[in-house]
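Chains, contacts and geometry: an overview
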Amino acid sequence: DEVVSALRTAQKSAVAKRRLVCATVGSTAVTLRVAAQAGAAGCDTDLDMASYKTDASGVAASSHSLFFQPNGTITLDAAGTQQASGNVAIRLDSRTVRSIAFEGSTGHVQ
């Protein structure tokens, strides 16, 4: 649920702030950063939001770097040229227990 919340926050923040938001999904945490100004080519400021991490034993997520564009789309690069679509796998003791889908062309996270 924390990963879904973080990715939805990234998408909504990118649109609301009209800035690029970068989401790094690591094995136990999601980090959100935002571009300091509109049109910037990268994210250089922490997005002032809640912490999205787990200390639960045996829980891990598949790693991804996602870029939420100001128009609401999700891409694999900061320039917005490669649409991202796929899944974040949540594992418990190496067994996938949940798959979180993201669709780049719409910005939908489920």
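Bear in mind that the values here come from a model prediction, so they are computed numbers and not experimental data.

**As for the overall build of the protein**
- Regarding its fold elements, the protein presents 1 helix and 10 strands.
- Counting from the amino terminus, helix and strand elements in the protein follow one another as α-β-β-β-β-β-β-β-β-β-β.
- The C-alpha radius of gyration of the protein comes to 13 Å, within 12% of the 13 Å expected for a compact globule of 110 residues.
- In terms of overall dimensions, the protein has C-alpha extents of about 40 × 25 × 20 Å along its principal axes.
- Evaluated residue by residue, the protein yields a buried proportion of 37% over its 110 residues.
- A separation of at least 24 residues holds for 48% of the contacts in the protein among residues at least 6 apart in sequence.
- Summed over its atoms, the accessible surface of the protein is roughly 6000 Å², and 47% of this surface lies on carbon and sulfur atoms.
- Charge separation in the protein, taken as the distance between the mean sites of 10 positive and 9 negative side-chain charges, equals 4 Å.

**Re the sheet that holds strand S8 (residues 85-92)**
- The strand order across the open sheet built from 4 strands is S5-S8-S9-S10, with neighbouring strands paired in antiparallel fashion. Of all the strands in the sheet, the pair left with one neighbour each is strand S5 (59-61) and strand S10 (108-109).
- Inspection of the sheet shows S8 paired to strand S9 (residues 95-103) by 8 bridges, in the antiparallel sense. Across the sheet, the residue bridging to Val88 is Ile100, located in S9.

**Examining the pairing of strand S6 (residues 64-68)**
- Relative to S6, strand S1 (residues 21-25) is paired through 5 bridges, and the arrangement is antiparallel. Its bridge partner lying in S6, Thr24 is registered against Ser65.
- For S6 and strand S7 (residues 74-75), the ladder comprises 2 bridges, and the chain directions are antiparallel. Bridging from a neighbouring strand, Phe67 pairs with Thr75 of S7.

**Topic: the state of the cysteines**
- Summed over all chains, the structure comprises 1 disulfide.
- Here Cys22 engages in a disulfide with Cys43; their sulfurs sit 2.0 Å apart. When the S-S torsion is 80°, as for the bridge of Cys22 with Cys43, the disulfide is right-handed. Residue Cys22 is located in strand S1, and its partner Cys43 is located in the loop between strand S2 (29-34) and strand S3 (45-46); the two are separated by 21 residues in the primary sequence.
- A relative accessible area of 12% places Cys22 in the buried class.

Conventions and cut-offs
- Residues numbered from 1 in each chain as written.
- Predicted model: local features only at pLDDT ≥ 70, side-chain atom pairs only at ≥ 80, totals over all residues.
- Heavy atoms only, no water.
- Helix = DSSP H or I, 4+ residues; strand = E, 2+ residues; numbered from the N terminus.
- Rg over C-alpha atoms; globule rule 2.2 N^0.38 Å.
- Buried < 20%, exposed > 50% of the residue type's maximum accessible area, 1.4 Å probe, protein only.
- Contact = heavy atoms within 4.5 Å.
- Areas by Shrake-Rupley, 256 points an atom, 1.4 Å probe, with all protein chains shown as cover.
- Lys, Arg positive; Asp, Glu negative; His and termini not counted.
- Charge placed at Lys NZ, Arg CZ, Asp CG, Glu CD.
- Pairing = 2+ DSSP bridges.
- Disulfide = S-S within 2.5 Å.

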